[in-house]
Amino acid sequence: MDSKNYHQAIDTLNTMAHHYYVLDSPIASDVEYDTLYHKLKAYEDANPDSISPNSPTQRVGDVPLSEFSKNTHLKRMWSLDDIFADDELEEWLHRIHKSNPHATFTCSPKFDGASLNLLYENGLLQSATTRGNGIEGELVTQNAKTIFSIPLQIPYKEQIEIRGEVLIAKDDFESLNAQRLAENLPLFANPRNAAAGSLRQLDSKITAKRPLRFMPWGVGAIHTQPRSFYDTLKSLESFGFTPMPFLAHCTDKAGIIHAYQTLLNLRESYPLILDGMVIMIDEFEIQEQLGWTIKSPRFACAYKFPAVEKTSIVKDIVFQVGRTGVITPVAELEPVEIEGAMIARATLHNFSEIAKKDIRIGDRVVIIRSGDVIPKIISSIHSLRDGSQTKVTPPTLCPECGEELLIEEILIKCQNLNCPARVKESIVHFASKKALNIDGLGEKIVYELFDKGLICGILDLYTLKEEDLLALPGWKQKRAQNLLQSIHNTYGIDLWRLVNAFGIEHIGEGASKKLAKHFGLGVFGVDETEILQIDGFGEEMAKSLCEFNHANAELIATMLQIIKPKVPDVNFTKDSMFVNKSVVITGTLSAPREHFVEILESLGARISSSVSSKTDFLLCGENAGSKLTKAQNLGIKILSEKDLRAYMDSLQ
């Protein structure tokens, strides 16, 4: 094979793959594909410097990663507001047509999978990033390249983000779980869970073995703004992507309802999980005019399918200790299939929910599950009781460690950080960004260290040795030293971070900062009366903190000796105009909201989530919505990011 034949072979193999994986209409046998593939591979082995980035061999998994890197989307990925009924659709359309009476709509299926953002430059796939928080996600490029319905090269040379859903078909899901069952591996809960888990494998060779497919549903950043969303989706077919099925351009409500009913009728028989329909204003110009709220675009919504209801028998109700120690009652059910998933357990949320719905062991109950919603028991069928059913008594002692539980009106919680059921997650939270910010100690590493017996609690982090880490598979000296240095960096960290790191119920980041500023190191010895004197603290918060301090006195004392946290200076800059002022943040800013919260709180501000007559300032970014309008009507002082920076400079 020479260079010319090599590139012809690439084109031929990619065409074969496109017909097989994208169009579902094979044009060659497996033997024909494999024979040509091996010839091409032999050429590349002999000419490694001439390998084309578009070669099918570049879809083979690369070396395993130790962890995923973060990657920022060029344009934010938004979530959609949901509507569930005809009257909600009518209301949404009325809002649109009030200012844009000639707007039309593109309707497309809403698939239940894992969202992915593909970045192409000069026609080549540069990166693939999960949705994450909408601003940044995890870089999974190696894994995306193993999915044959994602083109490695497209006939569009400008920069473009193409967005879609990574999916597993119902039949493929059943086959995958059957294989895992035979190999004694944990089963996936549903196709969405399987797709997301497969996409986030650190070893892309594992991803390559999973039956993943990619369905494009939109674009992000694009060099030249198109006019029509419908035409844009159709054009993606010419790029080599799977055509979006049941795509409809609608001019009125009747057309939208027809498109919705068409999808709803196909819900059970369609090979992929559908959980609704996306309604998008077709004209990009109108999209830009309408803009976004803080959470979602105003020009699109998801018309969700009705929840699927089925019945089953409650065989038992067990008490599950969650990652924060909260005791959750969980119903163990006679297995029932709902939307392609076998449901054998359903959360009952809390004991007030059980009492309100009068759910008993032995009851026949109604269960719903809609899309990615966790299965939920909505009622018991009292008329079918025969006297054998038994009521549920809430526990007073932790089912795992035997410690006395914190019991509130709704919440029941184990406060013991050393409880076996919550130790791993307490360490994950302890090391998280908003807590002690131990870089390199994410959930996967915590679980690895715990399962290998190197840590049994948060105190063990401070006795880790380099030789212990180097004994683990895949660990090198640099990685071990970096982790140990990150742990060492927690010495002398701000006191509020330690308070927050403990994961005390009802005590979040803001409350931790207030407590640290108000009490200093005395925060771990205060009584409820003292806590209640702080503005914004209620009885539940006070009781939770006191219970935590009592249950973990020895642990707290040891941590204080090890870390020696820095106690804040409670005196704010005297000249700061933000001291004791209420500030609301809205719109899209140049950095995450938490960055500006930290700055404003350092100047003495109190951060609020809603605008009211008591609000003093509104920090406003781009695409601000109703909060800006309300602030203007109330005469509240509005600051831009530039105004805040200028004020910060004036204090220097």
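As shown above, the structure is provided for reference.
Residues numbered from 1 in each chain as written. Predicted model: local features only at pLDDT ≥ 70, side-chain atom pairs only at ≥ 80, totals over all residues. Heavy atoms only, no water.

## Remarks on the nonpolar core
Okay, step 1: If you look at the biggest cluster of nonpolar residues, it comprises 70 residues, and the most contacted ones within it are Leu116, Leu118, Tyr120, Ile150, Phe241, Ile256 and Ile279.
Okay, step 2: With 5 residues, strand β10 (residues 274-281) is the single largest residue contributor to this core.
Okay, step 3: Apart from the residues within four sequence positions on either side, Ile256 is in contact with Leu89, Leu93, Phe105, Cys107, Cys250, Met277 and Ile279. (Core = buried A, V, L, I, M, F, W, Y, C linked by side-chain atoms within 4.5 Å. Buried < 20%, exposed > 50% of the residue type's maximum accessible area, 1.4 Å probe, protein only. Helix = DSSP H or I, 4+ residues; strand = E, 2+ residues; numbered from the N terminus. Contact = heavy atoms within 4.5 Å.)

## As for the pattern of salt bridges
Opposite charge on two side chains allows them to pair when their charged atoms are near.
Okay, step 1: What the rule picks out here adds up to 23 salt bridges.
Okay, step 2: Where Asp82 meets Lys304, a salt bridge forms, and the shortest distance between an N and an O atom there is 4.0 Å. Residue Asp82 is found in strand β2 (residues 81-83), and its partner Lys304 is found in strand β11 (residues 300-304); the two are separated by 222 residues along the sequence.
Okay, step 3: In this structure Lys304 comes out as buried when scored by relative accessible area, which is 7%.
Okay, step 4: One salt bridge connects Arg645 with Glu641, and the closest N-O pair in it is separated by 2.3 Å. Of this pair, Arg645 and Glu641 both sit in helix α23 (residues 641-650), 4 residues apart, which is roughly one turn of that helix.
Okay, step 5: Looking at Glu641, the relative accessible area reads 13%, which means it is buried.
Okay, step 6: Each of Asp358, Arg360, Asp363 and Arg385 takes part in salt bridges that share partners, so that together they form one network. (Salt bridge = Lys/Arg side-chain N within 4 Å of Asp/Glu carboxyl O.)

## Observations regarding unusual backbone geometry
Okay, step 1: A positive phi angle, near 60 degrees, is found at Phe246, a position not held by glycine.
Okay, step 2: As for its position among the elements, Phe246 is in the loop between α8 (229-238) and β9 (248-250).
Okay, step 3: What makes Phe246 partly exposed here is its relative accessible area of 36%.
Okay, step 4: Phi at His506 takes a positive value of approximately 75 degrees, unusual for a residue other than glycine.

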